[in-house]
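Letter by letter, the chains look like this.
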Amino acid sequence: MKPSHIEHLGIAVTSIEEALPFFEFLTGDKCYAIEEVADQKVRTAFFKVGQTKIELLEPTCPESTIAKFIEKNGGRGGVHHVAFNVENVADALAEAKAAGLQLIDEAPRKGAENLMIAFLHPKSTKGILTELCQQPR
Ligand code: ZN
């Protein structure tokens, strides 16, 4: 698949506002964008660490997969997924499928920051929810 870099780490938080001071301290920088992704039922906040980003994910309703993740994690947030930057998500998905990996998304869809994204199932990725991202052109 040969990703160019880790695009971002997705980190679940119970509250973006509550988490901001720590991540501002950690990254030495201000959050540069807050965006709601309605179809994923999350609000996101972004930080940069070199060319890799930290994506904070706050659930916007109890049915959000992030709300369920937090619930399973004893009410705390934590690392939710790792996103790899690839040249072409559709090609990478086809490669993953051919390699026998289980896909969550059969086709790329639009994520935060206008990236095209797709998820691989943690059952076939050593327990790590894996996202593939492609930069907007
Ligand atoms: Zn992500």
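Description of the structure in this document.

Thresholds, definitions, all that
Residues numbered from 1 in each chain as written. Predicted model: local features only at pLDDT ≥ 70, side-chain atom pairs only at ≥ 80, totals over all residues. Heavy atoms only, no water. Phe/Tyr/Trp six-rings, centres within 6.5 Å; stacked < 30°, edge-to-face > 60°. Buried < 20%, exposed > 50% of the residue type's maximum accessible area, 1.4 Å probe, protein only. Lys NZ or Arg CZ within 6 Å of the ring centre and 35° of its normal. Helix = DSSP H or I, 4+ residues; strand = E, 2+ residues; numbered from the N terminus. Contact = heavy atoms within 4.5 Å. Patch = residues over 30% accessible without salt bridge, like charges linked within 9 Å, V, L, I, M, F, W, Y side chains within 5 Å. Areas by Shrake-Rupley, 256 points an atom, 1.4 Å probe, with all protein chains shown as cover. Salt bridge = Lys/Arg side-chain N within 4 Å of Asp/Glu carboxyl O. Arc of directions from axis to C-beta. Pairing = 2+ DSSP bridges. Donors = N, O, S within 2.8 Å, 3.2 Å for Na, K, Ca; no water. Tetrahedral: all angles 85-135°; square planar, octahedral: opposite > 155°, others 65-115°.

**A few points about the packing of aromatic side chains**
Within this structure, the stated rule accounts for three aromatic pairs. Pairing Phe22 with Phe23 gives two aromatic rings, centres 4.9 Å apart and planes at 75°, and the pair type is edge-to-face. Its relative accessible area of 9% is what places Phe23 among the buried residues. The cationic tip of Lys48 hangs over the ring face of Tyr32; the distance from NZ or CZ to the ring centre is 4.4 Å.

**Things to note about the environment of Gly75**
Following the sequence through the fold, Gly75 ends up in the loop between helix 2 (65-72) and strand 5 (78-85). Here the alpha-carbon distance between Gly75 and Thr14, two residues 61 residues apart in the chain, equals 8.0 Å. Excluding residues that lie within four positions of it along the chain, Gly75 makes contacts with Thr14 and Ile70.

**Here's the deal with a nonpolar patch on the surface**
A cluster of nonpolar side chains, Phe22, Phe25 and Leu26, forms an exposed patch at the surface whose accessible area comes to about 380 Å². Relative to the helices and strands, Phe25 resides in helix 1 (residues 16-27). Here Phe25 falls in the exposed class, since its relative accessible area comes to 69%.

**Some details on helix 2**
Among the residues of helix 2, those classed as buried are Ile66, Ala67 and Ile70. Taken end-on, helix 2 shows its buried residues confined to a sector of 105°, consistent with a single buried face. Residues of helix 2 that are exposed and angled more than 90 degrees away from the buried face: Thr65, Glu71 and Lys72. Remark: Gly74 follows helix 2 within two positions and exhibits a positive phi of approximately 70°.

**What to know about the pairing of strand 2 (residues 33-37)**
Sheet topology places strand 2 next to strand 3 (residues 42-49); five bridges connect them, and they run antiparallel. Bridge pairing in strand 3 links Val37 to Val42. Between strand 2 and the antiparallel strand that follows it, strand 3, lie four residues; Lys41 among them carries a positive phi value of about 55°.

**Notes on the coordination of the zinc ion**
Surrounding the zinc ion are the protein donor atoms His8 (NE2), Glu55 (OE), His81 (NE2) and Glu131 (OE), at 2.0 to 2.4 Å. Its four donor atoms give the zinc ion angles of 84 to 173° at the centre, a pattern that matches the irregular case. Read from N- to C-terminus, the donor residues coordinating the zinc ion fall into the pattern H-x46-E-x25-H-x49-E. Separated by 47 residues along the polypeptide, His8 in strand 1 (residues 5-12) and Glu55 in strand 4 (residues 52-59) bring together distant segments of the chain. Since its relative accessible area comes to 2%, His8 is described here as buried.

By themselves these figures say nothing about function.
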